[in-house]
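Observations on the three-dimensional arrangement
These are the residues of each chain, in order.
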Amino acid sequence: MPKHYRPAGKKKEGNAAKYVTRSQAVKYLQLSLPVFRKLCILKGVFPREPKKKVKGNHHSYYHMKDIMFLKHEPLLEKLRDIRSYEKKVKKAMSKKNRDLAERLLTRKPTYTLDMLIKERYPKFIDALRDLDDCLSMVHLFAALPAVDRAVDGEKIPVKRVHNCRRLSHEWQAYISRTHKLRKAFISVKGIYYQAEVEGQKITWLTPHALQQVLPEVDYRILLTFLEFYETLLAFVNYKLYHSINVNYPPILDPRLEALAADLYALSRYFDANAQSSSVKTKAVTSPGSEQTEHQHEGTKLDESELRLAQLQQQLPSNEAGALMHLVEDAGGEDEEDLETQECKNLFKNMKFFLSREVRYAYSVISTSAPPLFSLLTHLPAQLLLLQVPRESLLFVIPAFGGTVSWEGEGAPFEESDHSITHQVVDRPTQGRKFLSREYIQPQWVYDCVNARMILPTEKYMVGCVPPPHLSPFVDNEAEGHIPEYAEAIQRLKNAERKEVLPLPGMGKEDLDDPHSLLGINDRKEAIEAAERKQKMSIKQKQYHEELNLELQGSQYSALSSDIEAKDAEGDAVPNMQQIVEDASNMSKVLMPRRKRKLLEAMEIGKEKKRAHVHRLKERKKKIDEAKKST
């Protein structure tokens with residue numbers, strides 16, 4: 001009998017029992033392939049790679065535990081009910097039974113994903129860690145035109161687009177209000193943002209407000225992901241809004257909504273909530289608060305009183321202003337975050353005004369020259385003109401403590417306001433100019449945000465070619481090349497902070513010692529004394545060698561040649577690079593083949609990076625020489 005013989009009907013073992021193919025899973029669950037895909041996306045079940053693929057390499061494999069996990073999901077029955085309901089409606093319509101079809105359309109089965117959110121993200125911090133793709137997807141669909149369209153047989157409803165727009169504005173309003181935004185970078189794909197919420201760095205991409213050309217992809221899968229992400233973002237927004245004592249969902253001004261000023265409407269909603277909460281706090285802490293409580297007996301007021309009573313039970317009962325102290329302590333906790341405080345005060349006491357059709361123009365270099373900073377900015381080698389939407393600046397400027405308005409209805413203040421400090425324009429054809437403000441290009445705002453300081457506006461004036469827009473997501477030291485403008489910004493930072501740079505041959509720890517800062521002449525004398533001592537020791541050694549050769553009876557010419565040869569040998573410095581190469585070659589010989597190949601691939605990548613940096617420096621040198629010659 002063979003060693004691996006298995007009688008018919010015996011239980012399978014190993015990978016054959018642990019993994020099943022997609023067709024086997026669909027047959028086991030008795031589902032269609034689209035329903036199986038939808039269920040896997042909503043539950044977070046994805047294919048796995050077994051060590052041994054029993055059915056071949058051209059199959060997708062799922063773990064049997066995941067399939068059993070899907071089998072007992074209550075949502076599975078809902079999806080089956082929807083499938084049978086669609087068959088009933090189709091049958092009634094084919095038989096031209098309008099009454100039955102209308103009755104069926106009013107009783108369509110529905111489902112919610114609330115339990116799936118709680119199941120996949122048991123803690124709030126887990127939801128924040130998985131929010132990058134969610135925000136990118138929601139902002140992508142929010143940028144689509146609100147028109148019913150059928151793509152590949154799947155309709156993108158207008159209601160979904162409006163819901164994505166509402167959720168994205170609610171998220172941006174919270175980030176702007178709490179000053180959690182950290183980075184902003186404009187690229188060809190869109191605008192990258194990074195925020196820090198409860199210690200988690202969240203990065204998402206917002207597409208440009210241009211005409212969207214829909215590519216040929218499976219929109220049913222995208223809409224399934226969007227369905228889950230909408231519910232997840234709604235849960236996150238609810239939690240975040242309640243963490244700052246703001247009701248959710250927000251009720252906006254319909255006039256501002258009609259004017260597409262959703263972010264400004266949300267900021268006004270935040271202000272109204274803050275004022276109402278302060279009024280309620282004063283009413284509770286005042287001596288006549290009991291009389292006011294008896295006068296208002298509405299349901300909403302009862303709920304607020306119950307909440308306030310619950311908060312007061314957590315504090316000492318003998319303290320009159322306990323709730324007020326609680327609010328002050330919460331404000332003090334926010335002030336402890338130095339980075340948030342720095343972001344909050346960046347554009348403090350500055351008022352911005354956005355001109356109509358704001359555009360930004362930032363360049364890498366002129367159109368005739370090759371790209372110098374493509375390694376850092378990932379931009380083409382030409383003047384890049386893209387339209388920055390008003391919403392981006394309305395989001396970024398308040399997030400860093402500034403006040404912003406625009407040209408049009410619903411604006412908080414007009415262009416003629418003399419308290420405006422900066423006006424964002426992109427075209428030199430400006431009708432009227434005010435001497436009390438500075439006219440800048442939109443790139444200045446983003447560069448100030450990334451540099452965390454107010455940059456000089458001379459290079460960003462209207463009509464000038466602005467400096468390169470550097471990415472804050474790239475580590476210049478790791479890349480091996482620091483752009484000129486990055487060095488200039490660092491020098492401005494050091495000058496602003498009044499930092500004392502260490503002298504050559506010293507470390508930063510020497511700056512803490514006042515004697516080392518004041519005793520510059522002593523250090524110079526010490527260095528000169530050390531050099532003189534070294535020369536004396538060399539001469540002394542040479543003198544002893546000459547005496548030894550004279551005792552041996554050598555001639556003067558031979559003596560001098562021997563001394564010169566020995567001096568040459570002593571002055572010869574060992575080739576350290578050769579020693580390092582020999583040691584690395586010996587270590588490579590002892591490595592296994594797989595690790596050696598991996599090391600060689602890493603070295604090739606580093607060599608390519610060094611060659612690219614060298615090429616950039618050479619190009620920069622040629623451009624500088626061409627500028628000097630002209």
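No experiment lies behind these values; they were computed from the predicted model shown. The numbering scheme is per chain: residues are counted from 1 as the chain's sequence reads. Thresholds applied to this predicted model are a pLDDT of at least 70 for local features of residues and 80 or more for the giving and counting of side-chain atom pairs; totals over whole chains, interfaces and linings are not thresholded and use all residues. The basis for the side-chain values is all heavy atoms of the structure; hydrogens and waters are excluded.

1. Regarding the overall build of the protein chain
The following threshold applies: Strands here are runs of E lasting at least two residues and helices are runs of H or I lasting at least four, both read from the DSSP assignment and numbered beginning at the N terminus. Two residues qualify as a contact provided that any one of their heavy atoms is within 4.5 Å of a heavy atom in the partner residue. Per-residue and other accessible areas follow the Shrake-Rupley method at a 1.4 Å probe size, with only the shown protein chains counted as cover for residues.
Along the backbone of the protein chain there are 27 helices and 13 strands. At a minimum sequence separation of 6, the contacts of the protein chain that also span at least 24 residues come to 64%. For the protein chain, the exposed surface amounts to about 40600 Å²; the carbon and sulfur share of it is 53%.

2. Description of the side chain of Gln 194
Applicable threshold: Relative accessible area decides the class of each residue, using a 1.4 Å probe on protein chains only: under 20% of the type maximum gives buried, over 50% gives exposed, and in between gives partly exposed. For the purposes of these results, a polar contact is taken to be a pair of N or O atoms within 3.5 Å, where, inside protein, one atom must be able to donate a hydrogen and its partner to accept one; residues adjacent in sequence count only when each atom of the pair is a side-chain atom.
With respect to the element layout, Gln 194 can be found in strand β6 (residues 191-197). Overall, Gln 194 belongs to the buried group, its relative accessible area being 10%. Polar side-chain contacts of Gln 194 include one of 3.0 Å to the side chain of Thr 203. Ignoring sequence-local partners within four residues, the contact set of Gln 194 consists of Lys 180, Leu 181, Arg 182, Lys 183, Lys 201, Ile 202, Thr 203 and Phe 473.

3. Remarks on the pattern of salt bridges
Note the following rule: Think of a salt bridge as a Lys or Arg side-chain nitrogen and an Asp or Glu carboxyl oxygen that are within 4 Å of each other.
On inspection of all chains with the given rule, the structure shows 20 salt bridges. Note that Asp 417 is salt-bridged to Lys 351, the shortest N-O span being 3.0 Å. Here Lys 351 lies in strand β8 (residues 351-354) and Asp 417 lies in the loop between β11 (403-406) and β12 (422-424), a separation of 66 residues in the sequence. You can call Lys 351 buried: its relative accessible area is 19%. Measuring nitrogen to oxygen at the nearest pair gives 2.7 Å for the salt bridge that ties Lys 620 to Asp 624.

4. With respect to the nonpolar core
Note the following rule: Nonpolar cores are built from buried Ala, Val, Leu, Ile, Met, Phe, Trp, Tyr and Cys residues. Side-chain atoms within 4.5 Å join them into one set.
In this structure, Leu 131, Trp 171, Phe 347 and Phe 352 are the most contacted members of the largest nonpolar core, which totals 94 residues. Those residues in contact with Phe 352 that lie beyond four places of it in its chain are Phe 347, Ile 397, Thr 403, Val 404, Ser 405, Phe 413, Ile 420, His 422, Val 424, Ile 440, Trp 444 and Val 445. Within the second largest apolar cluster, five residues are counted, among which are Tyr 85, Val 89, Ala 92 and Leu 104.

5. Focus: the packing of helix α10 (residues 158-178) against helix α19 (residues 390-399)
Working note: a packed helix pair is described by the angle between its axes plus the distance between those axes. What counts, and what does not: To get an axis, a line is fitted to the C-alpha atoms, and for a helix only the part in contact is used. The angle between two axes follows their N-to-C directions and goes from 0 to 180 degrees. Should an angle fall under 35 degrees it is taken as roughly parallel, and over 145 as roughly antiparallel, whereas 65 to 115 is taken as roughly perpendicular and any remaining angle as oblique. Classes in brief: Ala, Val, Leu, Ile, Met, Phe, Trp, Tyr, Cys and Pro nonpolar; Asp, Glu, Lys and Arg charged; the others, Gly included, polar.
At a minimum axis distance of 8 Å, the contact between α10 and α19 shows a crossing angle of 25 degrees. Classified by the interaxial angle, the pair formed by α10 and α19 is roughly parallel. Note on element contacts: α19 touches α10 through Glu 391, Phe 395, Pro 398 and Ala 399, opposite Arg 165, His 169, Gln 172, Ile 175 and Ser 176. Looking at side-chain class alone, the contact of α10 with α19 contains four nonpolar, three polar and two charged residues.

6. Re α19
Within α19, seven of the 10 residues are buried, leaving the element largely enclosed by the surrounding structure. If you check which residues of α19 are buried, you get Ser 392, Leu 393, Leu 394, Phe 395, Val 396, Ile 397 and Ala 399. Gly 401, located one to two residues past α19, shows a positive phi value of around 90 degrees.

7. A closer look at the sheet that holds β8
Note the following rule: We call two strands paired when DSSP finds no fewer than two bridges between them.
The four strands are arranged β11-β8-β12-β13 in an open sheet whose pairing can be described as parallel. Among the strands making up the open sheet, the edge pair consists of β11 and β13 (438-440). When the angles between neighbouring strand axes are averaged without regard to direction, this sheet yields 25 degrees. As paired strands, β8 and β11 are joined by four bridges and run parallel to one another. Looking across to β11, one finds that Lys 351 is bridged to Thr 403. Where α19 meets the sheet, its contacts fall on β8, β11 and β12, and the angle it forms with β11 comes to roughly 160 degrees.

8. Some points on unusual backbone geometry
Look at the link from Tyr 248 to Pro 249: it is a cis peptide, with omega at 0 degrees. Within the secondary structure, Pro 249 is located in the loop between α11 (219-243) and α12 (254-258). The residue Asn 245 is not glycine, and still its phi comes out positive at about 60 degrees. Looking at the secondary structure, you find Asn 245 in the loop between α11 and α12.

9. Considering the environment of Tyr 241
Secondary-structure assignment places Tyr 241 in helix α11. Residue classification places Tyr 241 among the buried residues on the basis of a relative accessible area of 0%. Measuring from C-alpha to C-alpha, the distance between Tyr 241 and Tyr 174 comes to 7.2 Å, with 67 residues separating the pair along the chain.

10. Topic: α10
What counts, and what does not: A helix is expected to span 1.5 Å for every residue after the first.
Relative to the 30 Å expected for 21 residues at 1.5 Å per residue, α10 spans 31 Å between its end C-alpha atoms, a close match to the ideal helical length. Positive backbone phi, approximately 60 degrees, marks His 179, located one or two places after α10.

11. Brief notes about the packing of aromatic side chains
Worth spelling out the cut-off: Aromatic pairs are defined between Phe, Tyr and Trp rings, using the six-membered ring for Trp, whenever the two ring centres lie within 6.5 Å; interplanar angles under 30 degrees are classed as stacked, those over 60 as edge-to-face, and all others as tilted.
Within the structure shown, the criterion is met by 16 aromatic pairs. An angle of 45 degrees between the planes, with centres 6.5 Å apart, marks the rings of Trp 204 and Phe 395 as tilted. Taken together, the residues span a long stretch of sequence, with Trp 204 in strand β7 (residues 200-206) and Phe 395 in helix α19 at a distance of 191 residues. Trp 204 sits in the buried class, given a relative accessible area of 1%. Its relative accessible area of 0% is what places Phe 395 among the buried residues. A ring pair is formed by Phe 347 and Phe 352, whose centres lie 5.3 Å apart and whose planes are at 65 degrees; its orientation type is edge-to-face. Exposure remark for Phe 352: the relative accessible area of 0% places this residue in the buried category.

12. Quick notes on the confidence of the model for the protein chain
Note that predicted coordinates carrying low pLDDT should not be read in detail. Counted only if it meets this: For every residue, the predictor assigns a confidence score, pLDDT, that lies between 0 and 100.
When pLDDT is averaged along the protein chain, the result is 75; 69% of the residues meet or exceed 70. Ignoring residues within four places in sequence, the model shows residues 283-335, a span with pLDDT below 50, making 26 contacts including any to other chains. The low-confidence segment residues 568-573 (pLDDT under 50) makes zero contacts with residues lying over four places distant or belonging to another chain.

13. Overview of the sheet that holds strand β5 (residues 181-186)
The three strands lie next to each other as β5-β6-β7, forming an open sheet whose pairing is antiparallel. Only two strands of the sheet have a single neighbouring strand rather than two, namely β5 and β7. On average, each strand axis in the sheet is tilted by 15 degrees relative to the strand beside it, whichever way the strands run. Here β6 pairs with β7 via seven bridges, running antiparallel.

14. Description of the pairing of β8
Across the two faces of β8 the burial is the same, with Lys 351 and Phe 353 and Phe 352 and Leu 354 all buried. In this structure, β8 lies alongside β12, joined through three bridges in parallel fashion. Across the sheet, the residue bridging to Phe 352 is His 422, located in β12.

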